[in-house]
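Observations on chain architecture
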Amino acid sequence: MQEYSSQAAYDRGEAVCVIGAGASGLIAVKNLRENGFEVDCYERDTVLGGLWNPQNQHSPLYPNTHLVTSRSQTEIPDFPMPDDWPDYPSAAQMLAYLTSYAKHFGLSEHIWYGSEISHVEPVDGSRFEVVVKPAAGNAARRLRYAAVIIATGHHWSPNLPSYPGLDQFRGSVLHSSQLKDPSRLRGKHVLVVGGGNSGADIACEAAVNAASCVHSVRRGSWHLPKYLGGEPSDYALARLASRPKFLRRFLTDRLLKGPAALAARMGVAAEGRPLEEEPVRNGRYMEHVGDGSIQRRGEVARFDGFDVAFADGTEMRPDLVVLATGYRPKFTSVDPKLLGIEGDSPYPKLYARMFSPHKETLAVAGLVEPGVGVLPIVHWQTHAIAHWLLVRKSDPERAANFRVQVRSEAEQDTARPAGSSPRHQLAVDAEQYLASLGRIIDTLEQEPAK
Amino acid sequence: MSLAAWVRRARTPAPAPVKREYAFFEPADLFDLEIKDDPEASPVLCCTGDPAGAAAFNALWLKRIATSGRYAAAVSVRGQGGTPAAEGGLEARAHDLVQAAVTVPRQAVLIGHKEGAAWAALAAGRYPTAGLVLVSPRQVPKQPPRPVGAPPVLLVVAESETQSKEAQAVADAYGTAPLTFAGSPDDVFKGAGAEGLLDAILSWLAAGKKD
């Protein structure tokens, strides 16, 4: 235990520790403060905004990143974005938005920058001992908190695929997060691997900037333009949810008829019912496929010297390979068992996608892909977590009943067939998940905490 | 704000954006060395049902609030003062007020006068205000939304209105006893009555800070 500056941990009493000062962390801090908690938020980088801040060394931003969900579905419910902003704000605007959120609610004074959490250890029952390792200086500090909320996000640890011969490939290979500057594409023959949102966006960037662009996708997925019927498409589809059930399917199909026909024409075959899993939201992609500036190919079979061979037998010689293969969730400080991570899968199994199944005072915020904006979901998650911590403190009997309810919600959730790709492990149906969150919040708010 | 209310709002068309007229006054704008900007004090955002909008607060209110070390702002909602008229009723005006509140540098106290009180009551259901002050409220919905973040609420009515059903309904809805001020409910922007009213509001705000 030489590495610790002192043996005794500093006890922070009823304070709550939030890990990460990205969008989810900021919302967690604000909602906990609003419910009267003292909060310490630790951010390993020196800036706030998490993935939206290009100065963050783990930022996944690629050239020209924009929101894929529209403003009205993405803004934090109690802090709307300016109504003169575009429907799909850019990454820079998102950062400005989060910065003004932090400033408006005075969150910065609760954030410790450059402080990485090296370890979180449960101690005496429900409390946690947290070891904070400052980036500068050497002494680690140990503190004790009543609860820990993990808001580290899941877009910082790149998911790198392994292809035969990739490590001996003679051209340059970049993950989408390393492609900061669109000028790196200029005049190159570019191969983009990965059919998610980032893959489609980068293929579109390459289509206008690069000499040629080949887009390799392993499987078909639904493509949704950013506008449907003159409205932002997520808004247009969400509005249908208020229709009666027998009409909903009919209206959804009618709304998606055009995009589906276009996708079929472009050979972008999709499996399953529309919107069963998170679609690719990009309006320009199909046009670029249509004018030939993006050529679609199947899966990459192997890399060979300067060449890349595809599963269909064709070959190409790219100057630059961009792996838009997404991210894996990664938890560095907490024992994975506490989050229900078992076996090889990096995906945790949580109650209601936020509560640890083993520790009552450990929760994760923002580890979902709801297919609508994540920020409002995180707002309601942290609202529920803050109320849960209040109820737990004041009324143990209700807290026990609540645990039972959350467990049954979690069982309903896993009964749903999981997506066919490992990428969709975090995906939830926004409608169902919001309803479940609503039930949780209603139970917690039923009677005011005494 | 409840989750259900948010879901409903996110799925109804947003009011058409308008270019809103603001009036604001910072303590530094007074050019008085005696007056210090108090970084702990919440800024104040005012609105009124008076057609003059934000300009109505220029005569006395904004300077007086800034004198107490607070950032003071007022907004004209659609159809008032220099803000162009646009579609939308109560909800759209509350939207204007929330949009104005998020541009204030810190979490703001909302002061609504007459119809403005109704907009402020609705806005407080969507935005966590630091405090909600309703002056001679008019047309407040029978069951106003529960203010987000449980801010302190102050209801001020003119002496002539203390017995009115409207004032009592609002007092019941928020569970507060109304404070009264001398003078008519339309005459709150200048004169002796206005100063007394403002002093009462500012001392209430200052007392709330200490708690």
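Remember, predicted model here, so these are calculated numbers, not experimental data.

A closer look at the sheet that holds strand β6 (residues 127-134) of chain A
All names here are of chain A. Spatially, 4 strands are ordered β1-β7-β6-β5 in an open sheet, and the strand pairing comes out mixed. Each end of this open sheet is capped by a strand with a single partner; those strands are β1 (10-11) and β5 (115-123). Here β1 runs beside strand β7 (residues 141-145); their pairing, made up of 2 bridges, is parallel. For Y10, the partnering residue across the bridge sits in β7 and is L143.

Quick look at the interface of chain B and chain A
Taken together, the contact between chain B and chain A spans 28 residues of the former and 26 residues of the latter. Here chain B and chain A share an interface that buries about 2,200 Å² over both sides, 57% of which is from carbon and sulfur atoms. For the chain B face of the interface with chain A, the top three residues by lost area are L3, W6 and R11 of chain B, together amounting to 35%. For the pair chain B and chain A, the interface holds 3 salt bridges. A salt bridge links R20 of chain B to D83 of chain A, with the shortest nitrogen-to-oxygen separation between them at 3.1 Å. At the junction of chain B with chain A, the criterion picks out 10 residue pairs in polar contact (both at pLDDT 80 or more). Those elements that place two or more of their residues in the side of chain B that touches chain A are α1 (3-10) and α3 (90-103) of chain B. Of the residues contributing to the side of chain B that touches chain A, the split by class is 16 nonpolar, 6 polar and 6 charged.

Describing α3 of chain B
End to end, α3 of chain B covers 20 Å across 14 residues, agreeing with the expected 20 Å (1.5 Å per residue, within 8%). Of all 14 residues making up α3 of chain B, 10 are buried, and the element is well covered by its neighbours. Listed in full, the buried residues belonging to α3 of chain B are A92, A94, H95, D96, L97, V98, Q99, A100, A101 and V102 of chain B. Check the buried side of α3 of chain B and you find it contacts α3 (91-104) of chain A together with β1 (21-25), β2 (44-48), β3 (72-76), β4 (109-113) and α4 (115-124) of chain B.

Some points on the packing of aromatic side chains
All names here are of chain A. This model, assessed by the stated rule, comprises 17 aromatic pairs over all chains. Each ring, one from F79 and one from F105, has its centre 5.6 Å from the other, and the planes form 65°; the classification is edge-to-face. On the criterion of sequence distance, the pair formed by F79 in the loop between α2 (71-74) and α3 and F105 in the loop between α3 and β4 (111-112) is long-range, its members being 26 residues apart. Residues F79 and F105 agree in their burial class; the two are buried. On the basis of an interplanar angle of 70° and a centroid distance of 6.5 Å, the ring pair of W85 and Y97 is categorised as edge-to-face.

A word on the nonpolar core
Nonpolar side chains in soluble globular proteins generally cluster together in the buried interior. The biggest cluster of nonpolar side chains holds 98 residues, and the ones touching the most others in it are V18, L32, Y97 and F355 of chain A. Among the elements that line this core, the one with the most residues is helix α8 (residues 374-394) of chain A, at 10 residues. If we ignore the near neighbours within four places in the chain, the residues touching Y97 of chain A are E75, I76, F79, P80, M81, W85 and L375 of chain A. If you look at the next biggest cluster of nonpolar residues, it comprises 30 residues, including A66, A72, L197 and L198 of chain B.

Cut-offs applied
Residues numbered from 1 in each chain as written. Chains lettered and ligands numbered in written order. Predicted model: local features only at pLDDT ≥ 70, side-chain atom pairs only at ≥ 80, totals over all residues. Heavy atoms only, no water. Pairing = 2+ DSSP bridges. Helix = DSSP H or I, 4+ residues; strand = E, 2+ residues; numbered from the N terminus. Contact = heavy atoms within 4.5 Å. Buried area = accessible area lost by both parts, 1.4 Å probe. Salt bridge = Lys/Arg side-chain N within 4 Å of Asp/Glu carboxyl O. Polar contact = N/O pair within 3.5 Å; in protein donor to acceptor, adjacent residues only side chain to side chain. Nonpolar A, V, L, I, M, F, W, Y, C, P; charged D, E, K, R; others polar. Expected span 1.5 Å × (residues − 1). Buried < 20%, exposed > 50% of the residue type's maximum accessible area, 1.4 Å probe, protein only. Phe/Tyr/Trp six-rings, centres within 6.5 Å; stacked < 30°, edge-to-face > 60°. Core = buried A, V, L, I, M, F, W, Y, C linked by side-chain atoms within 4.5 Å.

Function-wise, these values are silent; they only describe arrangement.
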